[in-house]
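Chain residues, written in single-letter form:
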Amino acid sequence: MPLAATGSLNGTMATWDIPTQQLRHKCEHPEGVVKIHWCQSSPLLYTACLDGIVRLWDARNGNTVCSLEGHSNQLLDLDVTSNDTTVVTACEDRTARIFLHHMPS
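Please read all numbers here as calculations on a predicted model, not as lab measurements.

Draft legend 1. A look at the sheet that holds strand E1 (residues 3–7). One open sheet accounts for 3 strands, arranged E1-E2-E3; its pairing is antiparallel. Here the strands that pair on one side only, and so sit at the sheet edges, are E1 and strand E3 (22–28). Adjacent strand axes in the sheet meet at a mean angle of 20°, parallel and antiparallel pairs treated alike. Across 6 bridges, strand E2 (residues 12–17) lies against E3 in antiparallel orientation. When the bridges of E3 are listed, Met13 appears paired with Cys27.

Next up, the structure:
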């Protein structure tokens with residue numbers, strides 16, 4: 001499934017169908033999206049948001065799979081291990097967090 005994703009400071013994350021260049025899903029966040037990470041082995045993607053929450057989305061249907069919370073300020077960055085189970089975040093509150101996450105089957 002050839003898809004692309006875009007994030008915006010207006011709180012929108014959009015997934016796009018590359019062959020048709022059509023919007024597939026528009027996923028709303030309460031604040032701006034600062035980073036997107038596609039999972040390597042599934043149609044899932046993580047977003048880092050200025051509300052301090054990491055969300056995991058299913059690009060096939062636009063639904064939130066889960067949220068990873070723990071920061072008290074805006075997220076600045078995130079990275080994910082190659083097996084997509086460990087998420088590392090950096091935050092405006094001068095902390096970094098490590099989230100261990102089991103991918104849904």
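Draft legend 2. Here's a closer look at the environment of Pro30. Within the fold, Pro30 resides in the loop between E3 and strand E4 (33–38). For the pair Pro30 and Gly11, spaced 19 residues apart in the sequence, the C-alpha separation amounts to 6.0 Å. The residues touching Pro30, leaving out its near neighbours within four places in the chain, are Asp51 and Arg55.

Draft legend 3. Region of interest: the pairing of strand E7 (residues 63–68). Relative to E7, strand E6 (residues 54–58) runs antiparallel, the two sharing 5 bridges. Considered in E7, the bridge of Leu56 is made with Cys66. As consecutive antiparallel partners, E6 and E7 are separated by 4 residues, and within that stretch Gly62 has a phi angle of approximately 80°, a positive value.

Draft legend 4. Quick peek at a nonpolar patch on the surface. On the surface, Val88, Ile98 and Leu100 cluster together into a nonpolar patch covering about 330 Å² of accessible area. By the secondary structure assignment, Leu100 is in strand E10 (residues 96–100).

Draft legend 5. Summary view of the nonpolar core. One finds Tyr46, Val54, Leu56, Leu68, Leu78 and Val87 to be the most contacted residues of the largest nonpolar core, which totals 14 residues. Listing elements by their share of this core, those giving two or more residues are strand E5 (44–49), E6, E7, strand E8 (75–80) and strand E9 (86–91). Setting aside residues no more than four positions away along its own chain, Val87 makes contact with Tyr46, Val54, Leu68, Leu78, Asp79, Val80, Arg97, Ile98 and Phe99. Grouped together as the second largest cluster of nonpolar side chains are 7 residues, Cys27, Val33, Leu45 and Trp57 included.

Draft legend 6. Examining the sheet that holds E6 more closely. Read across the open sheet, the 4 strands follow the order E4-E5-E6-E7; overall the sheet is antiparallel. Strands with a single pairing partner mark the edges of an open sheet, and in this sheet they are E4 and E7. Going across the sheet, the axis of each strand differs from the next one's by a mean of 25°, ignoring polarity.

Definitions and cut-offs
- In this numbering scheme, every chain counts its residues from 1 along its sequence in written order.
- At least 70 in pLDDT is required for a residue's local features to be given in this predicted model, at least 80 for side-chain atom pairs to be given and counted, and no such filter applies to totals for whole chains, interfaces and linings, which use all residues.
- In computing side-chain values, all of the structure's heavy atoms are included and hydrogens and water are not.
- One requirement defines pairing of two strands: DSSP has to find at least two bridges between them.
- Every helix listed is a DSSP run of H or I at least four residues long, and every strand listed is a run of E at least two residues long, numbered separately from the N terminus.
- The axes used here are C-alpha line fits, helices contributing only the stretch in contact, and every angle between their N-to-C directions lies in the interval 0 to 180 degrees.
- Contact criterion: two residues are considered in contact whenever any of their non-hydrogen atoms come within 4.5 Å of each other.
- Exposure above 30% relative accessible area and no salt bridge define the residues that can form patches, which grow by joining like charges within 9 Å and nonpolar side chains of Val, Leu, Ile, Met, Phe, Trp and Tyr within 5 Å.
- Note on areas: these come from Shrake-Rupley sampling with a 1.4 Å probe, and a residue is covered only by the protein chains present in the view.
- When a carboxyl oxygen of Asp or Glu is within 4 Å of a side-chain nitrogen of Lys or Arg, the pair counts as a salt bridge.
- Side-chain atoms within 4.5 Å are what join buried Ala, Val, Leu, Ile, Met, Phe, Trp, Tyr and Cys residues into a set we call a nonpolar core.
- Accessible area is worked out with a 1.4 Å probe on protein chains only. A residue is then buried under 20% of its type maximum, exposed over 50%, and partly exposed in between.

Just distances and angles here, no functional claims.
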